[in-house]
Amino acid sequence: MNDAAPTAEPQVTRLGDIRFDDARALLAAHDLRLHRVTDGAPIPGSYWGEPEAGIIGSDVYVRDDTPVHSMLHEACHLIVLPPERRALVHTDATDSVPEEDATCYLQIVLAGQLPGVGSARLMADMDAWGYTYRLGSTKAWFEQDAEDARAWLLERGLLAA
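Quick caveat: nothing in here was measured; it's all calculated off a predicted structure.

Undergrad: How do you make sense of the pattern of salt bridges when you look at a structure like this?
TA: It is possible for side chains bearing opposite charge to pair when their charged atoms get close. Within this structure, the stated rule accounts for 8 salt bridges. Of the charged contacts, one joins Asp145 and Arg134 as a salt bridge, the two residues approaching to 2.8 Å between their closest N and O atoms. Here Arg134 lies in the loop between helix H5 (119-129) and helix H6 (138-144) and Asp145 lies in the loop between H6 and helix H7 (147-155), a separation of 11 residues in the sequence. For the salt bridge of Glu155 with Arg156, the shortest nitrogen-to-oxygen distance reads 3.4 Å. By relative accessible area, Arg156 is classed as partly exposed at 42%.

As structure tokens, this is what we get:
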């Protein structure tokens, strides 16, 4: 019998902590639709399960308890895909390392455009949630080790120079 207490989820910024319309507008600028799922209901297209965001085609699904980093990460998976691949996505967007790196980089950039969040806060949330990078933190990776992800995004016109 396991007597260990359940581990609490890390304290990170959730969709319920920010204005939903700000998140919706940010995603709409990238031709994505953000859908709010009722509290406690299953999140369609969630790869990791609730409360993580879900994706199907150009639709991103969240609840108020969904971490903002999860919403941005899954949305960025869709943003980095060409439209013909995006249309086929259901739950799992890619197993490409360059696309995953580009997704992580872009979610940090987009957080800087999301009122009430910002890139620094998102990187702290990513660390708290358990993202891991060889330099030890999301910030160190973003500032010192993400040249390939930045170049990948620049080559595809997904990032301003």
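Alright, that's what it looks like, and here's the rest.
Undergrad: What should I look at first to understand helix H2 (residues 68-79) in this one?
TA: Because an α-helix packs 3.6 residues into every turn, residues spaced three or four apart end up facing the same way. Relative to the 16 Å expected for 12 residues at 1.5 Å per residue, H2 spans 16 Å between its end C-alpha atoms, a close match to the ideal helical length. In terms of residue burial, H2 counts as a mostly covered element, since 12 of its 12 residues are buried. Turning to H2, its buried residues number three or more, namely Val68, His69, Ser70, Met71, Leu72, His73, Glu74, Ala75, Cys76, His77, Leu78 and Ile79.

Undergrad: Hey, could you run me through the nonpolar core in this one?
TA: For soluble globular proteins, nonpolar side chains are generally found buried alongside one another. Grouped together as the largest cluster of nonpolar side chains are 43 residues, with contacts concentrated most on Val60, Val68, Met71, Leu72 and Leu114. Put simply, the parts of the chain that give this core at least two residues each are helix H1 (20-28), strand E3 (59-62), H2, helix H4 (97-111), H5 and H7. Contact partners of Val68, with chain neighbours within four places excluded, come to Thr13, Arg14, Leu15, Ile18, Leu114, Val117 and Leu122.

Undergrad: What is the right way to look at the packing of aromatic side chains in this model?
TA: Describing an aromatic ring pair means giving the distance of the ring centres and the angle of the ring planes. This model, assessed by the stated rule, comprises 4 aromatic pairs. For the pair Tyr105 and Trp141, a centre-to-centre distance of 6.2 Å together with 75° between the ring planes defines the contact as edge-to-face. With Tyr105 in helix H4 and Trp141 in helix H6, this pair connects stretches of sequence that are 36 residues apart. Assigned by exposure class, Tyr105 and Trp141 land together as buried. Among the aromatic residues, ring-to-ring pairing joins Tyr105, Tyr133, Trp141 and Phe142 into one connected group. Positioned above the aromatic ring of Phe20, the side-chain terminus of Arg36 is 4.1 Å from the ring centre. When the ring centre of Trp152 is taken as reference, the NZ or CZ atom of Arg156 above it lies at 3.8 Å.

Undergrad: Where do I start with the environment of Val12 in this structure?
TA: Along the polypeptide, Val12 turns up in the segment before H1. The sequence separation of Val12 and Gly118 amounts to 106 residues, and the corresponding C-alpha distance is 13 Å.

Undergrad: Would you mind showing me how to read the side chain of Asp125 here?
TA: Residue placement: Asp125 occurs in helix H5. Despite being buried, Asp125 has no salt bridge partner; Arg121 is the closest side chain of opposite charge, sitting 4.8 Å away. Those residues in contact with Asp125, other than ones at most four positions away along the chain, are Gln11, Val12, Thr13 and His69.

Thresholds, definitions, all that
Residues numbered from 1 in each chain as written. Predicted model: local features only at pLDDT ≥ 70, side-chain atom pairs only at ≥ 80, totals over all residues. Heavy atoms only, no water. Salt bridge = Lys/Arg side-chain N within 4 Å of Asp/Glu carboxyl O. Helix = DSSP H or I, 4+ residues; strand = E, 2+ residues; numbered from the N terminus. Buried < 20%, exposed > 50% of the residue type's maximum accessible area, 1.4 Å probe, protein only. Expected span 1.5 Å × (residues − 1). Core = buried A, V, L, I, M, F, W, Y, C linked by side-chain atoms within 4.5 Å. Contact = heavy atoms within 4.5 Å. Phe/Tyr/Trp six-rings, centres within 6.5 Å; stacked < 30°, edge-to-face > 60°. Lys NZ or Arg CZ within 6 Å of the ring centre and 35° of its normal. Lys, Arg positive; Asp, Glu negative; His and termini not counted.

These results come straight from atomic positions and should not be treated as a statement about function.
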